[in-house]
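Coordinate inspection notes
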Amino acid sequence: MSSPAPDTLLGPADVRELAAALGVRPTKQRGQNFVIDANTVRRIVRTAEVRPDDVVVEVGPGLGSLTLALLETADRVTAVEIDDVLAGALPATVAARLPERADRFALVRSDAMRVTGLPGPAPTALVANLPYNVAVPVLLHMLETFPSIERTLVMVQAEVADRLAAGPGSKVYGVPSVKANWYAEVKRAGSIGRTVFWPAPNVDSGLVSLVRRAEPLKTTASRREVFAVVDAAFAQRRKTLRAALAGWAGSAAAAEAALVGAGVSPQARGEALTVEEFARIAEHKKSLAAGQEK
C-alpha cells in the first residue's frame, strides 16, 4: 500500500473547520473531546499494534481523527457513533481524505452500549477514544458482546486508566479492575496530555491495553454470578467480606461459609482479592445452595 499523503489526517484547523461546517460544539453530556493532533492518533495506532489484517471497531469516532489513522493500517474499520450529525459526516470525511480505503470503512449509527452486531468480518481489535462518562460500561459491553476482539487499546481519563489497570492491594483497585481482568490482561500503556484535545479537558488521559485471555477463566460460575460478588464486595469496601457479602449470600453466616470454602479469609476486604478468588467465592455459594436443596 502506498504511503498516505501528508494531509490525510486531521490537524487542529481541519477539526475546527469540520466542526464549524457541521455546527458542532463538543458537549460535556456526551464526554466529547476531539483529538486534534495527528502524531497522537498515529501513536495510538502504533501502541495498539494494529496490523494490516486487523478488523478494528472504534467507538465514538467523532470527526474522524483516529478513524483515518486506523484506516491507514488496518484491513477494515467499523465505527460506532451515537451522534447523528457526526455519523452523517464521517463517511464523507473518509472518502475525501482516504478515497482508496473508503470501501474498507463501515459506520454503525448506534449507542455503543446497545450494539449487539457489526457488519462485515468479526472485529479482532477495539481501539477508541472513549467518552469519559461512559468509558467503563462501554468497554465491558464490547468485550462481552464481541469475544473475537483479541486486543484493545482505549484512551480514557487518567484516573479511569489507573483503576482499570490496578492490581489487588492498590488503593484504586475496584469493580472496573476486577471486571476488566475477567476478560483480559490489563496494563497502562501510556499517558496523553490535555493539549491534543479540543476542547482541552480538565484532566489528563491515559492509554489502557487489554489483551484477551487465551483461555477463559476456569470456573463453574457464570460471568453474571462472579460480577454479582464483585459488585457486593465493593459496594461497602470498608467492610470485611463477611459483612459486605451478607446481603448477597443471604446472611453473614452464609457469606462466611462461601468465603471459607473458597479459601478466602472472612476478615479480608474486596480490594485484596483477585478475579480468580471472586470466582471461587461464587462457585462455593452455588455448591452450598445446591447442598441445601438436597
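One can find the structure itself at the top, above this paragraph.
Residues numbered from 1 in each chain as written. Predicted model: local features only at pLDDT ≥ 70, side-chain atom pairs only at ≥ 80, totals over all residues. Heavy atoms only, no water.

Topic: helix α3 (residues 65–73)
- A large share of α3 lies buried, amounting to 8 of its 9 residues.
- Within α3, burial applies to S65, L66, T67, L68, A69, L70, L71 and E72. (Buried < 20%, exposed > 50% of the residue type's maximum accessible area, 1.4 Å probe, protein only. Helix = DSSP H or I, 4+ residues; strand = E, 2+ residues; numbered from the N terminus.)

What to know about the packing of helix α5 (residues 135–145) against helix α7 (residues 175–183)
- Two numbers describe how α5 lies on α7: the axes approach to 10 Å, and their chain directions differ by 20 degrees. The angle between the axes of α5 and α7 places the two elements in the roughly parallel class. Considering how the two elements wind past one another, α5 and α7 form a crossing that is left-handed. Across the interface between the two elements, V136, L140, L143 and E144 from α5 touch P176, K179, A180 and Y183 from α7.
- Looking at the contact of α5 with α7, its residues break down into 6 nonpolar, no polar and 2 charged. (Axes fitted to C-alpha atoms, helices over the stretch in contact; angles between N-to-C directions. Parallel < 35°, antiparallel > 145°, perpendicular 65-115°, else oblique. Left-handed = near helix turned anticlockwise from the far one by under 90°. Contact = heavy atoms within 4.5 Å. Nonpolar A, V, L, I, M, F, W, Y, C, P; charged D, E, K, R; others polar.)

What about the pattern of salt bridges?
- The final tally for this structure, using the stated rule, is 15 salt bridges.
- Residue D54 is joined to R151 by a salt bridge in which the shortest nitrogen-to-oxygen separation is 2.6 Å. Here D54, found in the loop between α2 (38–47) and β2 (55–59), pairs with R151, found in strand β6 (residues 151–157); they are 97 residues apart in sequence, far enough to count as distant. Of the two residues, D54 and R151, neither departs from the other in class, the shared state being buried.
- With its nearest N and O atoms 3.5 Å apart, the salt bridge here joins E276 to R213. Pair noted here: E276 is in helix α12 (residues 275–293) and R213 is in the loop between β9 (205–212) and α8 (223–235), with a separation of 63 residues, a long-range link.
- In this structure R213 comes out as buried when scored by relative accessible area, which is 17%.
- A single network of salt bridges, built from pairs that share partners, joins R51, D53 and E150. (Salt bridge = Lys/Arg side-chain N within 4 Å of Asp/Glu carboxyl O.)

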